[in-house]
Each structure stands twice: as structure tokens, then as C-alpha cells.
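# Coordinate analysis (summary)
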Amino acid sequence: MEWQDEGYVLASRPHGEAASIVSLLTSQNGRFSGLVHGGQSRRQRAALQVGNKVTAVWRARLDEHLGKYSIELESSTIAQLLGEPGKLLALSSASELVEAVIPERDPCPNLYRSFSALLGSFDGEYWAATYVYWELHLLTDIGFGLDLSECAGTGVTEDLVFVSPKSGKAVSRQAGEPYKDKLLTLPAFLKGTSGAQVSGKDLADGLLLTGYFLQKCVFQPRQKKLPDSRVRLAGKLSMNN
Amino acid sequence: MNSIDKLIHLLARLPGLGPRSARRVALFLIKKHESLLVPLREALGEISNSIKNCEVCGNVDTNSPCQICCDAKRNSNQLCVLEEVADLWAMERTTAFKGRYHVLGGRLSAIDGIGPGDLNIEKLIERVKDREITEIILATNLTVDGETTAHYITDCLSASNVKITRLAHGVPVGGELDFLDDGTLTAALKARRQVNSQL
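Residues numbered from 1 in each chain as written. Chains lettered and ligands numbered in written order. Predicted model: local features only at pLDDT ≥ 70, side-chain atom pairs only at ≥ 80, totals over all residues. Heavy atoms only, no water.

Turning to the overall build of chain B, a few remarks are in order. The number of helices and strands found in chain B is eight helices and six strands. Secondary structure of chain B in N-to-C order comes out as α-α-α-β-β-α-β-α-β-α-β-α-β-α. Over its C-alpha trace chain B gives a radius of gyration of 21 Å, far above what one expects of a compact globule, namely 16 Å for 199 residues. Its C-alpha atoms put chain B at 65 × 45 × 45 Å along the principal axes. (Helix = DSSP H or I, 4+ residues; strand = E, 2+ residues; numbered from the N terminus. Rg over C-alpha atoms; globule rule 2.2 N^0.38 Å.)

The structure is reproduced here in C-alpha cells:
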């Protein structure tokens, strides 16, 4: 068995004295792990940093084997994120979420594209909004997508400002007003109505929304918590609110 | 298992040694009984009885506080924060730093399940309350986890009035640009500094 693909490094774990087991999010093969001989060496370590884009060749005698990777660095992400704590947390959080949530060897080209777009957004100033969008995409990709197109109660498509924590559907201002303490806030930018203007409160509300459903649908059934970096990212963006 | 097999088995667990090299080392030790095996046994016994983690900085030494923490000639105003004891030894080899150290004992890593509570961060915050310290040098590794740890510590210490600095990243001494990876070059470009033409 052999394939060549491009991908992003999600995690690199030491194996023995010199090798590493590397998990990649690849464009055609999904999340895929393999052994990298000499992965802990000075030369290879730099290429195996989380978020780096690499070209990988995976080889194994049988499909079910762990297999061995030959990895070549395409572009380094961490060098661009030095001194950018928010972006660094977003990168860690996204990588850890994919590592925790996406099943191995299940092709997910949509998620690959959205992950790639997220990393591309770190060059600009709207990376935090892109991150919230990305988490929404992640929920959709794993089968827990939110329906933000119309009100769950009345079916109207205007003035949607809440989300039901039970159904994951949008709720209009009028229908949700009596229950607003129990509903989650739907930030305007997630409806695509506020243009490029995204406030700190919008971002905090967006992360609260996606975080709630990630916890409820994905982590709670596995008796786990959201990754630390995700919690710290939400805290950091809330502080800037 | 006789004692020689046991020795080979234990030696094979050392980093860099497999069963074959462990047999060579064991034979060598047996041949050099008086000059190597006996002193090694004594040194190992001494170390196993007296080694401890420094209660102040987290370094390993036979005394607590360690030699570095007890050295009155060192600059108590500067505190260098490191991930591991091996990093402290690397810094000491340079002889360029004369301040004091704080070893975290790892770095934040959700993948490995290491959170702030697993690291020596609370003690660092306690140390920084000491008014003697005016500068914290964050010397964690340039990895995503290392950088995240550095930012976390910066957040924790933001309320204190100490100056927080980070080790520079860039072209290594003797390095040629042609052979550097893109990441290192990007980091070097970001950390560029003005050239001073004055003497």
C-alpha cells in the first residue's frame, strides 16, 4: 500500500528513542497516522510541528498497518504565529479538536479545505471570526450541524437572534423572548448579516455557541472536556470583549 | 535471570543502548572492574541516595536548594524559565547567563494531557512576588506547545510589574541561509534588528 498526499500536522508523539508517530489531516485520506523514522531528530522535528503543511508519502505492507511516513515540509505555520497568542491558541485548539473528534482514515475533504482556510486566515485580521465559522463547519462535518436558516418555532427567516440548546436551531427574537435566559445567543456575523464588523462580544457568543454543542454532542458522551487550548481561547477572546 | 543478564537487561533500557550495545557495555564494565565498575557503583549509589529536586527552582541536585540557588554571586534580578533540567544544563554550558533559573518540568500539551496544574507554575508565580526579580526570561522551546506555555505564563504574570522577555529565534551561529528551513528564516526575519554602525 502506498499513497502520496498533502496535509497538515495535527500531532507528533515520541515513539521509542528516535521515531515519532505523526497524525496528519490529509486532503484525500482524512486524519491518518504513521511512523516517522528519526522523527525526533533535529532535522525532522522542525517539519513535524503542529500546523505545518507537509507532503507525505505513506507506505505499509497491509492497509491495516500503522505504516511509515516520509514527510517533506511545504510551509511552516508556527514561525508566522510567534508573538501571536490568540492565533497560536486557535491553531492548537483546531488541531486538538480535529485530533479528538474526527475518526481516523475517514476522508474529509471539506474539513481539510476549511482547516486550510482557517490557517490561511491567520495572515489577516478576521481570524477569530473564521475560527468560529470553522467550528460550525466542524460540527456540520461530524453530523451535528446547526440549522441557522429559520426559526425553530415560527419558521420565519428574519430577526434570528437565539439558538435553541436542545435542537440546535435558530429562534427568532419574538419567539425566543420569553425563554431568552435559556437560549444561546446567535451572533449576527454567523447569519452573514453584519458584514466584516465583528465585535468582541459576537466572537465570545459564537465560541460559547459552538463550544456548547461540541461539549454536548461530542465530548460529554465520551465523558471528556473541551481541550484546554479551546477553553483558554474562549477565555482570551472574552477578556478582549 | 543471573546478575549479568540483569545488568544487560537494565543497561538496554538506557537511551541510545539496545540489547547488543548493552552486552558490550556490560562486558566492558566487567573487564574494567576496579577502574570503572566499582567507582560507577559507588557513584550510582551516592546519587540514588542523595538526588533530589530543588524546592526553589526544580533543578536536580544532591542538595535542596541546589548549588545555583545557593550561589550568592548570581544575579537574583533575572529569572530564566525553562521546560526541563536538560535545558538548564544547556544554558549553563553557555556560561552566558548569570541569573537564576526556574524549571517547569514540561510544557502545556493537551495531546499529552499536561495542564497548568502539572507544571511548576504556581511556584514560579510565588517566586515572582519576591521583589528582587525584575526580569523573567521565557526560554521554552520554539514549538507550538512551548510557545503556548510561554504565553500562558505571560498571562499569569501580567499583573506583576516584572519585565517579561523571550529568547530570540533565528539564524544559528555558523548557519547558512541556503540550508535553513522556511520556518527558521521566517522567524529570523520577524526578529530582525537594526544594525549599529557605531563602535
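Still more to cover.
Residue and element names in this part refer to chain B. Confidence along chain B averages 90 in pLDDT terms, with 99% of residues attaining 70 or more. Ranking the elements of chain B by mean pLDDT puts helix α8 (residues 182-190) last, at 83, and strand β4 (residues 100-103) first, at 96. Predicted complex, confidence summary: ipTM 0.80, pTM 0.86. (pLDDT = per-residue confidence, 0-100.)

What follows covers the pattern of salt bridges. This model, assessed by the stated rule, comprises 14 salt bridges over all chains. Two residues, E177 of chain A and K180 of chain A, come together in a salt bridge whose shortest N-O distance is 3.3 Å. When the shortest N-O distance is used, the salt bridge between E126 of chain B and K129 of chain B registers 3.3 Å. Placement of the pair is E126 of chain B and K129 of chain B together in helix α6 (residues 121-129), with a separation of three residues, close to one helical turn. For K129 of chain B, a relative accessible area of 58% gives the class exposed. Shared partners join several salt bridges into a network, and the residues in it are R13, R31 and E99 of chain A. (Salt bridge = Lys/Arg side-chain N within 4 Å of Asp/Glu carboxyl O. Buried < 20%, exposed > 50% of the residue type's maximum accessible area, 1.4 Å probe, protein only.)

Here the focus is the domain arrangement of chain B. Each assigned domain of chain B is listed here: domain 1 (3-50) and domain 2 (60-166). For domain 1 of chain B and domain 2 of chain B, the distance between their C-alpha centres works out to 34 Å. (Domains from an automatic or database assignment.)

All names here are of chain A. Counting buried positions over the eight residues of strand β2 (residues 19-26) gives seven, a clear majority of the element. Pairing of strand β1 (residues 2-15) with β2 involves eight bridges; the strand directions are antiparallel. When the sheet's bridge partners are listed, P14 is paired in β2 with S20. The antiparallel pairing of β1 with β2 creates a hairpin that spans three residues between the two strands, and G16 there sits at a positive phi of about 70°. Where β2 meets strand β3 (residues 30-36), seven bridges bridge the pair, whose relative direction is antiparallel. Within β3, the residue paired with S20 across the bridge is V36. (Pairing = 2+ DSSP bridges.)

Residue-level contacts link 23 residues of chain B with 25 residues of chain A. Carbon and sulfur atoms supply 64% of the area that chain B and chain A bury against each other, a total of about 1900 Å² over both sides. The interface formed by chain B and chain A includes one salt bridge. Of the charged contacts in the structure, one is a salt bridge between D155 of chain B and K236 of chain A, with a shortest N-O distance of 2.8 Å. Run the count over chain B and chain A and you get five residue pairs in polar contact (both at pLDDT 80 or more). Per-element tally for the side of chain B that touches chain A: the top contributor is helix α7 (residues 144-156) of chain B, with six residues. For the side of chain B that touches chain A, a count of residues per class yields eleven nonpolar, eight polar and four charged. (Contact = heavy atoms within 4.5 Å. Buried area = accessible area lost by both parts, 1.4 Å probe. Polar contact = N/O pair within 3.5 Å; in protein donor to acceptor, adjacent residues only side chain to side chain. Nonpolar A, V, L, I, M, F, W, Y, C, P; charged D, E, K, R; others polar.)

Turning our eyes to something else, we now look at the sheet that holds strand β5 (residues 135-138) of chain B. Residue and element names in this part refer to chain B. One open sheet accounts for four strands, arranged β4-β3-β5-β6; its pairing is parallel. The two strands at the open ends of the sheet, each matched to only one other strand, are β4 and β6 (163-166). Sheet twist, expressed as the mean angle between neighbouring strand axes with direction ignored, is 25°. The strands touched by helix α5 (residues 85-94) within the sheet are β3 (78-82) and β4, with β4 carrying the most contacts at an inclination of about 160°. Packing of α7 onto the sheet brings it into contact with β3, β5 and β6, and relative to β6 it is tilted by some 175°. (Axes fitted to C-alpha atoms, helices over the stretch in contact; angles between N-to-C directions.)

Turning to the packing of aromatic side chains, a few remarks are in order. All names here are of chain A. Tallying each qualifying case throughout the model produces twelve aromatic pairs over all chains. Residues Y8 and Y112 carry aromatic rings whose centres are separated by 5.5 Å and whose planes lie at 35° to one another, so their mutual orientation is tilted. Of this pair, Y8 sits in strand β1 while Y112 sits in helix α3 (residues 109-121), and the two are 104 residues apart along the sequence. The pair formed by Y8 and Y112 is uniform in burial state, with each residue classed as buried. (Phe/Tyr/Trp six-rings, centres within 6.5 Å; stacked < 30°, edge-to-face > 60°.)

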